[in-house]
Each structure stands twice: as C-alpha cells, then as structure tokens.
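An overview of the molecular structure
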Amino acid sequence: GEDVEQSLFLSVREGDSSVINCTYTDSSSTYLYWYKQEPGAGLQLLTYIFSNMDMKQDQRLTVLLNKKDKHLSLRIADTQTGDSAIYFCAEAYNQGGKLIFGQGTELSVKP
Amino acid sequence: DTAVSQTPKYLVTQMGNDKSIKCEQNLGHDTMYWYKQDSKKFLKIMFSYNNKELIINETVPNRFSPKSPDKAHLNLHINSLELGDSAVYFCASSQETITDTQYFGPGTRLTVL
C-alpha cells in the first residue's frame, strides 16, 4: 500500500537540534526525499537519500534511513528561525515516478 | 531563471466555470506532473506525463484534463469547477521517472466561490 506518515507538529528553541520523523510502507522505494514548504510558497527540495544508504549528511542536515523499520528521519542542527516551515517526507513509489507524500510536519522555531 | 513556472499564481472563480492553469519547465526534463494540495496541506499526485504521453492518472474526475503540447509544457484544464476543487495545485518536472528528483513550481492557489 501507499502510506507515508509524519507527526504534524514540532516546536524547538533556536540553536537546538530538530528531528523530524517519517515512516513509509513501500519497501521497494528507490529514493526518499525531504521537501520544505515555507508559508505561501512552493516545495523546495532539501535533500534525498537512495534506498541503499543508511545516512546522508549535507551541512546542517542529516538524513537517517532505517530500511528494516521503514523509518526515515531528518535532523537539522543548530535550528534557526528561518527553518520554520512545513517539512514533507516523500517516497518515490515504483510506478511512473509517483511521489507519495506524508502529511507534513510543521516546525516552529522559538527564539 | 525560474526552472518550473506556473501561471496564474492565484485564481478566484465561480462554481461551474472552466479554467486553465499553465506550467512550463526550462530544465529540459522529459517528465512533468500535477499535484493537488488541500487545505490540510496534504499533497497528492494527479497526473504525470512523459514525453507528452500520459503515465499516471490518479482517479481524478474527468473534469480535469491535462494537456501537454510539448515536453516543456503541461497545462491543466478544469471544467465545471466545484467548491471542492479549491486547493493549491503544484506542477513538477523530472528528467526521468522513478529515480530522478522532482522539482516543483511555486503553486497556483485556486479558490472556487
């Protein structure tokens, strides 16, 4: 089945680390993505991980993939107020490039 | 230069009208998509086209008809608009299907009154 789940809200203080979690169901997914959506804006690709990797680091972003548990996480180090946005996890479903999105996690960063 | 562009950004119209949203990508990609984001921010794919050929049609009502005049354009025409069509519509493109990253346009906010 096609299902990607995320918690809806996360609140952190500026300077702390944020960890946004995601679970997915399709074990044949090739790529998993994190997109960021700021208020009133489109989707911005943040990072992605190929399914044969366990971890990917890109500056302040660290993606961890646990294939056994079908669990994906995004860690943002030294979270800033500018990181406040909705973060979407997505898996590339093995059918014509279809992306299945989670519900999005709204990250609120307090000064 | 904008990679994936959509027009208009905002569209307000009456129930029963017919409207179109245009999408263009200048990335040289072969595949284009339309997604719908509802009021709860839930994003769901509607269509995908590869080289002007329909690949995915996700149980979207017949009132929605995508049209791809060439690889760089995928327009969305909606007939007999209903209140439930109010949403933000995103266009996206990728080089190939499955393995390639999708790049999204800025979205078109459609409000049906």
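Look a little higher up for the structure.
Residues numbered from 1 in each chain as written. Chains lettered and ligands numbered in written order. Predicted model: local features only at pLDDT ≥ 70, side-chain atom pairs only at ≥ 80, totals over all residues. Heavy atoms only, no water.

**Here we look at the overall build of chain A**
Filter applied, for reference: Put simply, DSSP H or I for four residues or longer makes a helix, DSSP E for two residues or longer makes a strand, and each gets a number counted from the N terminus. The globule rule used for comparison is 2.2 Å times the number of residues to the exponent 0.38, while the radius of gyration itself is calculated over C-alpha atoms. For each residue, the accessible area found with a 1.4 Å probe, counting protein chains only, is set against the maximum for its type, and the residue is called buried under 20%, exposed over 50%, and partly exposed in between. Here, two residues are considered to be in contact whenever any of their heavy atoms come within 4.5 Å of each other.
When its secondary structure is counted, chain A shows zero helices and eleven strands. Going from the N terminus to the C terminus, chain A shows its helices and strands as β-β-β-β-β-β-β-β-β-β-β. Its C-alpha radius of gyration of 13 Å places chain A within 12% of the 13 Å reference for a compact globule of 111 residues. C-alpha extents for chain A along the principal axes are approximately 40 × 30 × 20 Å. In chain A, which comprises 111 residues, the proportion classed as buried is 48%. At a minimum sequence separation of 6, the contacts of chain A that also span at least 24 residues come to 55%.

**Considerations on the state of the cysteines**
Stated precisely, the cut-off is as follows: By disulfide we mean two sulfur atoms from cysteines, separated by a distance within 2.5 Å.
All told, the structure shown has two disulfides over all chains when counted by the stated rule. Bridging Cys22 of chain A to Cys89 of chain A, the disulfide has an S-S length of 1.9 Å. Measuring handedness by torsion sign, the sulfur bridge of Cys22 of chain A and Cys89 of chain A sits at about -55° and is left-handed. Pair noted here: Cys22 of chain A is in strand β3 (residues 18-24) and Cys89 of chain A is in strand β9 (residues 85-92), with a separation of 67 residues, a long-range link. For the residue pair Cys22 of chain A and Cys89 of chain A, the accessibility class agrees, reading buried in each case. The residue that forms a disulfide with Cys23 of chain B is Cys91 of chain B, at a sulfur-sulfur distance of 1.8 Å. In this structure, the disulfide formed by Cys23 of chain B and Cys91 of chain B twists by about -75° around the S-S bond and is classed as left-handed. One end of the pair, Cys23 of chain B, is in strand β3 (residues 19-25); the other, Cys91 of chain B, is in strand β9 (residues 87-94), with 68 residues separating them in the sequence.

**Digging into the packing of aromatic side chains**
The condition that has to hold: Any two of the Phe, Tyr and Trp rings considered here, Trp counted by its six-membered ring, make a pair once their centres fall within 6.5 Å; the pair's planes then place it as stacked at under 30 degrees, edge-to-face at over 60, or tilted in between. Placement of a charge over a ring requires the Lys NZ or Arg CZ to be within 6 Å of the ring centre, with the centre-to-atom vector within 35 degrees of the ring normal.
According to the stated counting rule, one finds 14 aromatic pairs over all chains in the structure shown. With 6.0 Å between their ring centres and 80° between their planes, Phe101 of chain A and Phe104 of chain B make a pair best called edge-to-face. Of this pair, Phe101 of chain A sits in strand β10 (residues 99-101) while Phe104 of chain B sits in strand β10 (residues 103-104), on two different chains. Taking relative accessible area as the criterion, Phe101 of chain A reaches 2% and is therefore assigned buried. The exposure class of Phe104 of chain B is buried, given its relative accessible area of 10%. Geometrically, the ring pair formed by Tyr35 of chain B and Phe104 of chain B is tilted, given 5.2 Å between the ring centres and 45° between the ring planes. Remark: Phe104 of chain B occurs in strand β10 and Tyr35 of chain B occurs in strand β4 (residues 31-37); sequence separation between them is 69 residues. Phe104 of chain B shares its class with Tyr35 of chain B; the two are buried. Members of the aromatic cluster, connected to one another through ring pairs, are Tyr31, Tyr33, Tyr35, Tyr48, Phe50, Phe88 and Phe101 of chain A together with Tyr33, Tyr35, Phe90 and Phe104 of chain B. Sitting over the face of the ring of Tyr48 of chain A, Lys56 of chain A holds its NZ or CZ atom 3.9 Å from the ring centroid.

**Describing the interface of chain A and chain B**
Test applied: Accessible surface is computed with a 1.4 Å probe, and the buried area is the amount of it that two parts give up when combined, taken over both parts together. Salt bridges are counted wherever a side-chain nitrogen of Lys or Arg sits within 4 Å of a carboxyl oxygen of Asp or Glu. A 3.5 Å cut-off defines polar contacts: any pair of N or O atoms within that distance qualifies, except that in protein one atom must be a possible hydrogen donor and the other a possible acceptor, and neighbouring residues in sequence count only when both atoms are side-chain atoms. Polar here means any residue outside two lists: the nonpolar Ala, Val, Leu, Ile, Met, Phe, Trp, Tyr, Cys and Pro, and the charged Asp, Glu, Lys and Arg; Gly therefore counts as polar.
Facing the 22 residues of chain A at the interface are 24 residues of chain B. Taking both sides of the interface into account, the surface hidden between chain A and chain B amounts to around 1800 Å²; carbon and sulfur atoms contribute 58%. Viewed at the interface, chain B and chain A are joined by zero salt bridges. Applying the counting rule to chain A against chain B returns three residue pairs in polar contact (both at pLDDT 80 or more). Counting residues per element, the ones that place at least two in the side of chain A that touches chain B are β4 (31-37), β5 (43-50), β9 and β10 of chain A. Of all the elements, β4 of chain A adds the most residues to the side of chain A that touches chain B, at four residues. Counted by class, the side of chain A that touches chain B contains twelve nonpolar, nine polar and one charged residues.

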